[in-house]
Every structure is written in C-alpha cells, then in structure tokens.
Amino acid sequence: MSSLLTSWEELKKEIHDMLEYARGKLPKRIYEELESKLQKTTEEYGLAPEEARKIIEYVLSEYEYSMVEPGEPVGTVAAQSIGEPGTQMTLRTFHYAGIREFNVTLGLPRFIELVDARREPSTPIMYIYLDEEHKYDENKAKEVARRIEYTRVSNVASEIDIDLVNLRIVVRLDPVMLEDKGVTVDQVKKVLEKLKLGKVEQDPSDPLTLYIQLELGESFSLMELQKRREKVLNAKIKGIKKIRRVIIQSMTNEEGRIEYFLVTEGSNLKEVLNVPGVDPKRVYTNNIHEIEEVLGIEAARAALIREMKDVLDEQGLDVDIRHIILVADIMTATGRVRQIGRHGVSGEKPSPLARAAFEMTTQNLFAAAARGEVDKLKGITESVIAGRVIGVGTGMVEVRMNPAQVVKSMKGVEKEASGGGN
Amino acid sequence: MFRTSSIFSLGKDLGAGAPSMGEELSIEELKKKIEIGPPWLTRFERARVIGARALQISMGAPVLIDTSSLPKHVREDPVLLAKAELEAEALPMTIVRYTRGGKVQPIPLKWLLILDKLRPH
C-alpha cells in the first residue's frame, strides 16, 4: 500500500495523468474546486495517490451522471420552468424599483424586452467603473462624469429668448448649472460661435449673458427665428450622445476601500469605452445590441444570461440558470441576436410545416410551396402534424433486434429449462 | 488503511456476466467504446426496449428466459416479463445512437446494461 503524502507537489506529480484527464472532462470551475480541495486535504490530513485517484474518478462519474440524458426535452422543460414563475411576475407588472434617483424597468416588461431582443431597452443604463487613478477620488470621478454626460446649451441656460427689436438671441446662463456641469462661459461662447448664426457677444455688464447677433436677409419669418432658437437650445457643449444623465455612486470594493463609479441614464458603449478615466474592462450596459455590436456575440450571450437572471432574482424567483442559458443560446446561435418570436426563432424555423403551425398557416404554406421547400419531418410540430412518433425521449431511441441471436438464446433457454427439469 | 470498497473497480473483468461477443472487455474499455451518448442505458432507452419487447411478448413471441422460477404475477404480465428479460441481459438487441451531425453508432444492449449497473443511484 502506498503511503500518505502530505506534500501537494509530490502528490500532483503522482496523479498527473489523472488530473490532466479530469481537466479535459470537467468544466473549469469544477476542476479548480476539485484541485483546491485535494490540495487542502493533502496538506491537512495527507492523501495517498490511490485515494486521490479514486476521488477524482468519483467526481468524474458524478459529473457525468448529473448531465441531462440525450432525449430529454430540455426546451420544453426550460419553457415551463421560466413560464411558471413568470405568471407570478405578471401580478407585479410594470413595477419600477428605484436605484436612488433612477427608474429601471424590471419584472415582466423587462423580461419581454430581452426575449424580444429590442434594439433599445426602455430604460438604458450603464454602469461605468473607473481606472486606478479616478476610482478613489470623488472629485476625479466627477471629472469623468462631466466628460461623459451629454450637455447642451439648454442644460446650462436659465433662459433663451429672441430679442425682436435688436434681432438677436439672448442666452442667459445659470451659474449654478455651469458649476454643476463644469462648463465655462467661454466654452459656451465657442459652441455658439460654431453654430455660425452670427456674431456672439458677451454683455459688458453681465458676463453670464450672451447675445447672438442674427444675420438675416431682407425678408424672414418668425418661424425661421424659432428654428434658430431651437438650434441654440440643442447645441452640444460636450459629452457623449445618448447619455442623458450621470450619477456618481460609491461602494466598498473587495479591498475594503470606498470606490466611486458612475451610473448613467442612456447608453452608448462604443464611445464610453474611449473616455479617459474609464476602466474599459468593467463597463456594463443593459443594451444587448450594443454589446453585440462592440464586443461580439459571445459577450451578448453572457449579457443576456446575466440580464435575465437579474430580472428573475430581483423578483425573488428561483429559476435554474441552465434554463436561461438555453434560451440565450437559442437566441444567439446564428451569430446574431434573434428574438424569440415572429422575426426570429419561431419565424425562421427551417421546417415549413412548423412555420405554418406558428402563424399565418395558409400564407406560409403557399409561400413554402412556391419556393419548393422540403420538410424533413424531423421536428416535433411536423411529426405531430404528420402523425409520426416525435423525436424526443423514447421516440428518438432506435432499437434493432437480431433474429439469429434470438434463435440462439431461445435454444439456451430450452436447454436450461430441460436441464432444470431433470 | 483508508481503503474503502469503491463502486468503480478499475480494470476488473466483468466476471460471469461478461458479454458473449467473443471478447472480454474491462469496464474502462467498454466505456471508451461508447462514442455517442452516456456510458449507461438512458431511461428513454430502457423504456423503449421494455415497451418494444412487451409488445412482442403480448403478441405471442417466445420468452427468452426461464420463467418457471418467476412469481405468477410476473409470468402473466408481458411488461414485467420484458423487464425481467432486460435485467437478465437476455435480449439480443442493439441500440442505435446517433448525433445531429449524422454520426451513427450501434451499441449492443448488453454493454449498456453492464455499465448501467455501475451507476450509484
């Protein structure tokens, strides 16, 4: 019998082949847990190589036995497992939970949004974490926030009027808002000059008042003046498009220090990633399509899973993550995010009969006939329509019987029976 | 000293119940031979085999095991007979497993039954 080893390194050498085999079979997380627990046990109590081998073997078979068997209707199970808790959600439809000053769509409306793969969520939100330099200092965080927040002239002006006597637009700036958004009067002046509406002048007695002398032709209408005023109102001073509001929040991070991060109303992943001071590795948005565009389909899949899980968790519903993973997998299997429904998974099924069963039966059948489509009757719906056994569970098992073998074993039974009789 | 009786005996031969396929295979070898699906009889396969066999028996097919020692209620029920046949590894059947990619592997029912008996639950 081999002796106990208390050194993990030694044991590792002994069972190297087995560990490598397990690494190939097990998911990373489980493998790492196995390794760390083996190490801990070895160092605390000692472990013989053969014992370690048996443990690994047991873990391997336990893992194998825990997987779903081929033939299991996982899609149906997933649908029911999400659908049933979903009925509990309906009672609390359109419930909004505030993250401080924010409203976030949660519950069933948000879930429908995800499954429908909408272009834009109804409440797009980004979580922007900052880099080493900016994350521990509130003022530096504020600096980044100001860089991100989309600021227009109307955000910092207390009033913008048209002076008809002098034919000019009067912009009165709000000092509080200027301070809050971190904008200087000169900046605003430059922006207004860029509009090319006319010469921009500062009031000699009041530096917060700006005049835009309009250059107009002989004839002009009031409508035209209004249009120019609109232009001034919407002129961008700085920031990133679509980010309407930025709020600074703090949390205690793993190191036990207070870290500041930004939460934004509106989402624009592509441009936020380029902002200095932002930690691009930790930026998060709830807009799945943006993630797909910028980071690719795998990231979109991960985001879908996370968002769906978050919605269910928030409602206190315990749905196994594997059901959600299946839904996300189906949605992203083609390389782009498809919705579950007419313009996605259901409407793009390869079988014409399945599509006809989904909606617009006659139109779908006519269209399929015109295109000369072939139905291989492999799916569930098609099989039911054609009156065949469905290819799920017992129905997908193919059994063959060997007649020659039957004869052989029958002779065996006869011999046994006669032998028993004697 | 810490030796416990393991459920998985590596490298042991299969004893008296080994397949009459002309070759004696160890459990590990057998496991490796099964390329598609899990190395045991899935519950769907079990149900399908018992169902198919029970239908044959109910229509008069000869039973492939010695029934004289079986209790009366088993002898009179085709499903229970089929079950008994399956457990006795008397069914000369092959399970054809396939993947969506088109790979096909016919697996002797006996192999799956032998491996199935190793399952802890």
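If you're wondering where the values come from, they're calculated on a predicted model, not measured in any experiment.

K.L.:
Hey, could you run me through the overall build of chain B in this one?
P.N.:
Assigned secondary structure in chain B consists of five helices and two strands. Along chain B, from the amino end to the carboxyl end, the secondary structure elements read α-α-α-α-β-β-α. Expressed as a percentage of the 121 residues in chain B, the buried residues total 42%.

K.L.:
What exactly am I supposed to notice about the packing of aromatic side chains here?
P.N.:
In this description, a pair of aromatic rings is defined by centroid distance and the angle of the planes. Residue and element names in this part refer to chain A. Tallied over the entire structure, the rule returns two aromatic pairs over all chains. Here Y129 and F261 contribute two aromatic rings whose centre-to-centre distance is 5.1 Å and whose plane-to-plane angle is 25°, an arrangement assigned as stacked. Taken as a pair, Y129 in strand β3 (residues 125–129) and F261 in strand β11 (residues 258–265) lie far apart in primary sequence, 132 residues in all. A cation over an aromatic ring shows up here: R306 above the ring of Y284, its NZ or CZ 3.8 Å from the ring centre.

K.L.:
Sorry if this is basic, but what is going on with the sheet that holds strand β13 (residues 398–401) of chain A here?
P.N.:
Strand pairs in the sheet, formed through backbone hydrogen bonds, run parallel or antiparallel to each other. The strand order across the open sheet built from three strands is β13(A)-β1(B)-β2(B), with neighbouring strands paired in antiparallel fashion. What marks the edges here is a single partner per strand, and that holds for β13 of chain A together with β2 (104–108) of chain B. On average, each strand axis in the sheet is tilted by 30° relative to the strand beside it, whichever way the strands run. Relative to β2 of chain B, strand β1 (residues 93–98) of chain B runs antiparallel, the two being bridged by five bridges. Across the sheet, V96 of chain B pairs through a bridge with P106 of chain B, a residue of β2 of chain B. Together, β13 of chain A together with β1 of chain B form the strand contacts of helix α2 (residues 43–58) of chain B, whose direction differs from that of β1 of chain B by roughly 140°. In this fold helix α5 (residues 109–116) of chain B packs onto β1 and β2 of chain B, with an angle of close to 70° to the strand it touches most, β2 of chain B.

K.L.:
I would appreciate a short explanation of the confidence of the model for chain A in the present structure.
P.N.:
Segments scoring low in pLDDT should not have their predicted coordinates read at a detailed level. All names here are of chain A. Across chain A, pLDDT averages 83, with 93% of residues at or above 70. No element of chain A has a lower mean pLDDT than strand β1 (residues 96–99), at 48, and none a higher one than helix α16 (residues 321–332), at 93. Predicted confidence for residues 93–98 stays below pLDDT 50, and this span has 12 contacts to residues more than four positions away or in other chains.

K.L.:
Explain the nonpolar core here, please?
P.N.:
Most often, soluble globular proteins have nonpolar side chains that are buried together. One finds F111, I128, I148, L262, V272, V278 and M308 of chain A to be the most contacted residues of the largest nonpolar core, which totals 41 residues. Ranked by the residues each element gives to this core, the list is headed by helix α15 (residues 297–314) of chain A, at seven residues.

K.L.:
When you look at a nonpolar patch on the surface in this model, what are you seeing that I'm missing?
P.N.:
Residue and element names in this part refer to chain A. Together, I380, V384 and I390 give the surface a local cluster of nonpolar side chains, amounting to about 230 Å² of exposed area. Mapping V384 onto the fold places it in helix α19 (residues 380–386). You can call V384 exposed: its relative accessible area is 56%.

Conventions we followed
Residues numbered from 1 in each chain as written. Chains lettered and ligands numbered in written order. Predicted model: local features only at pLDDT ≥ 70, side-chain atom pairs only at ≥ 80, totals over all residues. Heavy atoms only, no water. Helix = DSSP H or I, 4+ residues; strand = E, 2+ residues; numbered from the N terminus. Buried < 20%, exposed > 50% of the residue type's maximum accessible area, 1.4 Å probe, protein only. Phe/Tyr/Trp six-rings, centres within 6.5 Å; stacked < 30°, edge-to-face > 60°. Lys NZ or Arg CZ within 6 Å of the ring centre and 35° of its normal. Pairing = 2+ DSSP bridges. Axes fitted to C-alpha atoms, helices over the stretch in contact; angles between N-to-C directions. Contact = heavy atoms within 4.5 Å. pLDDT = per-residue confidence, 0-100. Core = buried A, V, L, I, M, F, W, Y, C linked by side-chain atoms within 4.5 Å. Patch = residues over 30% accessible without salt bridge, like charges linked within 9 Å, V, L, I, M, F, W, Y side chains within 5 Å. Areas by Shrake-Rupley, 256 points an atom, 1.4 Å probe, with all protein chains shown as cover. Salt bridge = Lys/Arg side-chain N within 4 Å of Asp/Glu carboxyl O.

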